[in-house]
Amino acid sequence: PTGLESARTLAQAVIDAIGQPIHLGSQVVTIGATVGIAVAPEHGLEVDILHRHADLALYRAKAAGRNSFKVYTAGMDEALENRNKLEFDMHLAHRKEEFRLHYQPVVGMADGQVRAFEALMRWPHPTRGMVSPAEFIPIAEETGLIIPIGEWVLREACREAATWPGEIKVAVNLSPVQFRQQGLVPTVVSALVNARLDPRRLELEITESVLLADSDANLAVLHQLRDLGLRIAMDDFGTGYSSLSYLRTFPFDKIKIDQSFVRELGVNRHCAAIVRAVAGLGADLGITTVAEGVETTEQRDHLRLEGCDEMQGYLFSRPLPVTALRKLIAETEQAAQAA
């Protein structure tokens, strides 16, 4: 085999060997490995250059997730430079308060009334235009910048929600990284107190990864948060490995059915069966079910038939900037008074 083929084989062997379960008393733990590969002469002839290229490949492998390897390719230098520039701009944007929140309505399936608004981060970059959260959130998580940014999101969302009428809730996404800091619970308390927002009007959305990492400690934090009176939702339900088991682990108030299942309704009978099962499970456990990514009336009708409680998606509204959000709320209030 060529040097590159041998390197690939060795990298996979190392990942497999290190990934074997380790028994520590009553617990079983696993260790992940990530590998970057550069070989001579394809990727350079000098040790320093090969080392740099292997390091770039390792960086790419880390970005792809645990237990993977990447081979250096031309262009990785440019990609890293762009990434570093974006990280620098993010720090600057945070200091200059350039981030914005948009809010997407979550509506009742039965009556179409707004139940909550999900706060979603937006970054209007001065030269790049609107930067996708899919591009900058992973960098914020990797660098730890998500902690101060996440605190700002909580404070801003609670402050805005305190101006809304009635029982309309605000939903805020929490990153697994935020659970690694000791001050998450005090941060949430502070945001609620400063905004004078009833805790029952705040929903915190987490993904399965929160419970995958340091689950005992994170479970304790989730219980502390829920004891404040707020609601905890599991986002992207059904896309992970153990979503069902987590419903037994923690008393979630809401589960959000991932849009990948909603998209295939009426096309893939398996998706309809999964949605039906989740909606039935939610009804039996007293958990609200929300369908994400609803874009057509056909999808809405399917979801209503299957027993989903709420929906969110472009069929009702895209995420709205604050001015449009307030206009929607005012119009809703006027319509309610007229009725």
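Computed from a predicted model, the values in this text were never measured in an experiment.

### Quick look at the overall build of the protein chain
The secondary structure content of the protein chain amounts to 13 helices and 13 strands. With the C-alpha coordinates aligned to their principal axes, the bounding extent of the protein chain is approximately 75 × 45 × 45 Å. Across the 339 residues that make up the protein chain, the buried fraction comes to 41%. For the protein chain, the exposed area adds up to about 18000 Å²; of that, 53% sits on carbon and sulfur atoms.

### Describing the side chain of glutamine 299
Inspection of the secondary structure puts glutamine 299 in helix 12 (residues 297-306). Given a relative accessible area of 10%, glutamine 299 falls into the buried group. Contacts of glutamine 299, omitting those with residues within four sequence positions, involve Val262, Arg263, Leu265, Gly293 and Val294.

### Describing helix 12
Helical geometry note: an α-helix holds 3.6 residues per turn, so side chains three or four residues apart project in the same direction. Here helix 12 has its buried residues at Gln299, Leu303 and Glu306. In a view along the axis of helix 12, the buried residues occupy a sector of 65 degrees, so they form one face of it. More than 90 degrees from the buried face of helix 12, the exposed residues found are Glu298 and Leu305. Elements that come into contact with the buried residues of helix 12 comprise helix 10 (259-263), helix 11 (269-285) and strand 12 (288-291).

### Some remarks on the nonpolar core
In this structure, Leu204 and Leu225 are the most contacted members of the largest nonpolar core, which totals 76 residues. Among the elements that line this core, the one with the most residues is helix 5 (residues 146-161), at seven residues. Residues contacting leucine 204, with those up to four places away along its chain left out, are Leu154, Val172, Leu174, Val188, Leu225, Leu230, Arg231, Ile232 and Ala233. Residues Ala33, Val35, Val39 and Val71 belong to the second largest nonpolar core, which totals eight residues.

About the cut-offs
- Residue numbers here run from 1 along each chain, matching the order of that chain's written sequence.
- Only residues with pLDDT of at least 70 get local features here, since the model is predicted, and only at 80 or more are side-chain atom pairs given and counted; chain-wide, interface and lining totals rely on the full set of residues.
- For the side-chain quantities, the full set of heavy atoms in the structure was used; hydrogens and water were omitted.
- To qualify as a helix, a DSSP run of H or I must reach at least 4 residues; to qualify as a strand, a run of E must reach at least 2; elements of each kind are numbered from the N terminus.
- Remark: exposure states derive from per-residue accessible area (1.4 Å probe, protein chains only) relative to the maximum for the residue type, with buried under 20%, exposed over 50%, and partly exposed in between.
- A 1.4 Å probe and the Shrake-Rupley method give the accessible areas. Residues count as covered only by the protein chains that appear here.
- The contact criterion used is simple: two residues touch if any of their non-hydrogen atoms lie within 4.5 Å.
- Think of the arc as the fan of directions from the helix axis to the C-beta atoms.
- Residues belong to a common nonpolar core when they are buried Ala, Val, Leu, Ile, Met, Phe, Trp, Tyr or Cys residues joined through side-chain atoms within 4.5 Å.

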